[in-house]
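# A structural walkthrough
The primary structure of each chain is shown beneath.
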Amino acid sequence: MSNVEVERSIEAILMVVDEPVTELVLAQVLERPIEEIEAALSTLEGSYEERGFVLRKINGGWRFYSHPAYSAAVEKFVLDGQQSRLTQAALETLSVIAYRQPVSRARVSAIRGVNVEAVMKTLVTRGLVEESGLEHETGAILYKTTSYFLERLGLNSLEDLPALAPYLPDLDGLDEILDSLTD
Amino acid sequence: MSNVEVERSIEAILMVVDEPVTELVLAQVLERPIEEIEAALSTLEGSYEERGFVLRKINGGWRFYSHPAYSAAVEKFVLDGQQSRLTQAALETLSVIAYRQPVSRARVSAIRGVNVEAVMKTLVTRGLVEESGLEHETGAILYKTTSYFLERLGLNSLEDLPALAPYLPDLDGLDEILDSLTD
Amino acid sequence: MALAPDTAIEENSDVNPSSGGFSVHLSNFDGPFDLLLQLISRHKMDVTEVALSLVTDEFISFIRELEASGAGWNLDQATEFLVVAATLLDLKAARLLPSGEVEDEEDLALLEARDLLFARLLQYRAFKEIAATFGERILAADKSFPRVVALDPALAALLPEVLIGVGPQRFAAIAERVLTPKVSPVVAVEHLHMPLVSVMEESKRVVEALRHSTSLSFRNLVSDADSTMVVVARFLALLDLYRQGVLRFDQVLALGELHIRWIGSLEGEVEITDEFDIPVVLEMDDSTESGENV
């Protein structure tokens, strides 16, 4: 793998990874010495000088951020573009989590039949949903609703969620069907 | 705001979004004419050619994607690889629906020459196809592709579907003949 | 000629929907069009100029093989293949006959059948090619991952309070809808497999048998009946014929052997009513539980 390829691979990873990534992790994934990774990151960092974003090492991990010079546009976008009201997709995802918690993202995807990654991020950002440990067998992150969710829905506790209609198929059976479809 | 500033601002915004952003939203936030936004996006799109990421318009919205050439590195991070392959039968059924939508199951069956019920169920469960009202005369359920279908195919809209083979006989005429036979 | 397969027939319940596995996969083809297309391409022939007899023979032999393989197939699979096979055979037969007048009506019909078959085949081939493109596109799109990041906490703090926008009841209704498996509605057609028995048809048989033998026991008369429905139909036919005065009943003992004697004419039409064959429409009983439709 050439230097350029190492740089491109790092860019590709950092562009889609949400959490800051350490040099050590990058070195392991790309199977290159850590010095090479450090050099590549340094080159990349300098290459974005004329861009609207920057590459920064914060708290030991590397991540893309918006360039501070354009924070006004970003803030305006966040306030204008994001609606305070939840979208239908967000509501549906939230309802699955509320009634199936704790639940993994893959399971919610399987139930809704679509990729829910972006919606889950929004729900977490809006403080309605939070992580709740790992699934025993798969190691997948589990999610549950927050107390803020109860507050916004005007409920005292999860037990106050209205019961689902009795004719809804047994949920465990449903899981098996979904598993057979997604396997 | 200069052209360069518009481009930098767009980059800054795209760095923080969890969902694709339309040109219209960018035009409103940056208070620039939509043509200017389109031109800026087009310039940006070309400017990443030597990078590990790309800027793409899929399903009407723009966002950053990792470059396909470096998928191997990214896949090590994205564990949620639940994209199981579609079978040949599912792909063929999906292609008929994509080009003939909204279309009834019976019509798809007639074109493929086999019963497509099980395959249709799979496509609906996978979120690639959804119901779209009833056929006027027969009362049969009609089906169409979803926006998730566009995403999975990396298409911006249905108009971007590749053209059907040019030597294909006039389909509408054929449909009428087939209808007269199946009635 | 009905070329389209009956698409209303449901799959067997033991078919696993995730496999998409309704189709015949024994020889790596998927339905009659797929087989036909494979046979044609194997001989490197253009769909529009196919040497029919060769392809027809192979098509038929494929069906035979499938049958002999013991894997068995259900009614609608068989129908789909047989319809195409019948069309091919028809076309082959027409080729073998000396072609005289082209303006023959039957010739024209065959011509239409061929055009229709090939039009459908062309259409199928076009979609098959597109399906390959779809597969490639999905594969390519899967290699590109979108940037999906949570909003920076500093920015998230700027956001106004989130509005769920619905109350608990409405929220539960949404959960119910989303958690209900997406099952496409099905129309049960199992009852269509029971052959309908026509009293008129059975009347004709009864008349023929009685004219032949003059006297028969009811036991003899229904000895070849393959279902209770046929026995009932023949009994109804007898009652109707008795009303017309063309036969006599003799029964020595109650519940004993019933003998029927023909006293009508030995030739000519016997008037047969169709009063038993008029469909009866029953009101559907909606009170039955719809049950869990998983």
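Quick caveat: nothing in here was measured; it's all calculated off a predicted structure. All residue numbers here refer to positions counted from 1 along the written sequence of the relevant chain. All chains are assigned letters beginning at A, and all ligands numbers beginning at 1, according to the order in which they are written. Two thresholds apply to this predicted model, a pLDDT of at least 70 for residue-level local features and 80 or more for giving and counting side-chain atom pairs, whereas whole-chain, interface and lining totals are computed over all residues. Note that water and hydrogens are dropped before the side-chain values are worked out from all heavy atoms of the structure.

Turning our eyes to something else, we now look at the side chain of Ser203(C). Residues and elements named next belong to chain C. Examined against the element boundaries, Ser203 turns out to sit in helix α7 (residues 199–213). A relative accessible area of 1% means that Ser203 is categorised as buried. Aside from chain neighbours lying at most four places away, what touches Ser203 is Ala237 and Ile272. A run of H or I in DSSP becomes a helix once it reaches four residues, and a run of E becomes a strand once it reaches two; helices and strands are each numbered from the N terminus. Exposed residues in this analysis have more than 50% of their type's maximum accessible area, buried residues have under 20%, and partly exposed residues fall in between, with area computed by a 1.4 Å probe over protein chains only. By definition in these notes, contact holds between two residues if any of their heavy atoms fall within 4.5 Å.

This next bit is on the nonpolar core. Take the buried Ala, Val, Leu, Ile, Met, Phe, Trp, Tyr and Cys residues and link them wherever side-chain atoms come within 4.5 Å; each set so joined is a nonpolar core. Within the largest apolar cluster, 57 residues are counted, with the highest numbers of intra-cluster contacts made by Ile10(A), Phe64(A), Ile10(B), Ile13(B) and Phe64(B). Ranked by the residues each element gives to this core, the list is headed by helix α1 (residues 3–16) of chain A, at seven residues. Ignoring any residue separated from it by four or fewer positions in sequence, one finds Phe64(B) in contact with Met15(A), Phe53(A), Glu11(B), Leu14(B), Met15(B), Tyr48(B), Phe53(B), Val54(B), Leu55(B), Phe145(C), Pro146(C) and Arg147(C). By size, the runner-up hydrophobic cluster in this structure holds 34 residues, among which are Leu94(A), Phe149(A), Leu155(A) and Ile164(C).

This brings us to the side chain of Arg8(B). Positionally, Arg8(B) belongs in helix α1 (residues 3–14). Owing to a relative accessible area of 11%, Arg8(B) belongs among the buried residues under this scheme. Residues in contact with Arg8(B), not counting those within four places in the same chain, are Glu50(A), Arg51(A), Gly52(A), Tyr70(A) and Leu44(B).

Within a predicted model, pLDDT stands for the predictor's per-residue confidence, ranging from 0 to 100. Of all residues in chain A, 87% have pLDDT values of 70 or greater, and the mean over the chain is 85. Mean pLDDT values for the elements of chain A range from 51 in helix α9 (residues 171–182) of chain A up to 95 in helix α3 (residues 34–47) of chain A.

With that settled, consider the sheet that holds strand β2 (residues 247–251) of chain C. Residues and elements named next belong to chain C. Pairing between two strands requires that DSSP report at least two bridges joining them. Spatially, the three strands line up as an open sheet ordered β1-β3-β2, and their pairing is antiparallel. The sheet is open, and its two edges are formed by β1 (215–217) and β2, each paired on a single side. Strand-to-strand, the axes of this sheet are offset by a mean angle of 25°, without reference to chain direction. With three bridges connecting them, β1 and strand β3 (residues 258–262) associate as antiparallel partners. Under this scheme, a helix contributes an axis fitted over its contacting stretch, all axes are lines through C-alpha atoms, and angles between N-to-C directions fall in the 0 to 180 degree range.

Attention shifts here to the interface of chain C and chain A. Size of an interface: often given as the accessible area lost when the parts come together. In this assembly, 36 residues from chain C lie in contact with 51 residues from chain A. A simple way to read buried area is as the amount of 1.4 Å-probe accessible surface that goes missing from two parts once joined, with both sides added. The three residues of chain C that bury the most area against chain A are Val162(C), Phe171(C) and Leu179(C), which together make up 19% of that side's buried surface. Definition used for salt bridges: Asp or Glu carboxyl oxygen within 4 Å of a side-chain nitrogen of Lys or Arg. For the pair chain C and chain A, the number of links is one salt bridge. As a salt-bridge pair, Glu92(A) and Arg177(C) come within 3.3 Å of each other at their nearest N and O atoms. Whenever two N or O atoms come within 3.5 Å, that pair is a polar contact, provided that in protein one can donate a hydrogen and the other can accept it, and provided that, for residues adjacent in sequence, both atoms are side-chain atoms. One can count four residue pairs in polar contact (both at pLDDT 80 or more) joining chain C with chain A. When contributions to the side of chain C that touches chain A are tallied by element, the ones reaching two or more residues are α5 (153–156) and α6 (168–179) of chain C. Here the side of chain C that touches chain A takes 10 residues from α6(C), the largest share from any one element.

Residues and elements named next belong to chain A. The antiparallel open sheet is built from three strands, whose spatial order is β3-β5-β4. With partners counted over all chains shown, the strands left at the sheet margins are β3 (103–104) and β4 (129–134), one partner each. Taken together, the two bridges between β3 and strand β5 (residues 141–145) define a ladder with antiparallel strand orientation. Bridge pairing links Ser104 to Leu142 in β5.

So, about the pattern of salt bridges. When their charged atoms lie close together, side chains carrying opposite charge are able to pair. Residue and element names in this part refer to chain B. Under the counting rule described, the total for this entry stands at 28 salt bridges over all chains. With its nearest N and O atoms 3.0 Å apart, the salt bridge here joins Glu130 to Lys144. Taken together, the residues Glu130 in strand β4 (residues 129–134) and Lys144 in strand β5 (residues 141–145) connect sequence positions 14 residues apart. The exposure class assigned to Glu130 is partly exposed, which follows from its relative accessible area of 33%.

To continue, consider the packing of α7(C) against helix α9 (residues 228–243) of chain C. A pair of packed helices is captured by two measures, namely the crossing angle of their axes and the spacing between those axes. Residues and elements named next belong to chain C. Across the interface, α7 lies against α9 with an axial gap of 8 Å and an inter-helix angle of 70°. As summarised for this structure, α7 and α9 are arranged roughly perpendicular, according to the angle between their axes. In this structure, α7 meets α9 at a crossing whose hand is right-handed. When α7 is examined against α9, the residues Val199, Glu202, Ser203, Arg205, Val206, Val207 and Leu210 are found in contact with a partner set consisting of Val230, Ala233, Arg234, Leu236, Ala237, Leu238 and Leu241. For classification, angles of less than 35 degrees are called roughly parallel, those exceeding 145 degrees roughly antiparallel, those between 65 and 115 degrees roughly perpendicular, and all remaining angles oblique. Handedness of each helix crossing follows the sense of rotation of the near helix against the far helix: counterclockwise by less than a right angle gives left-handed, clockwise gives right-handed.

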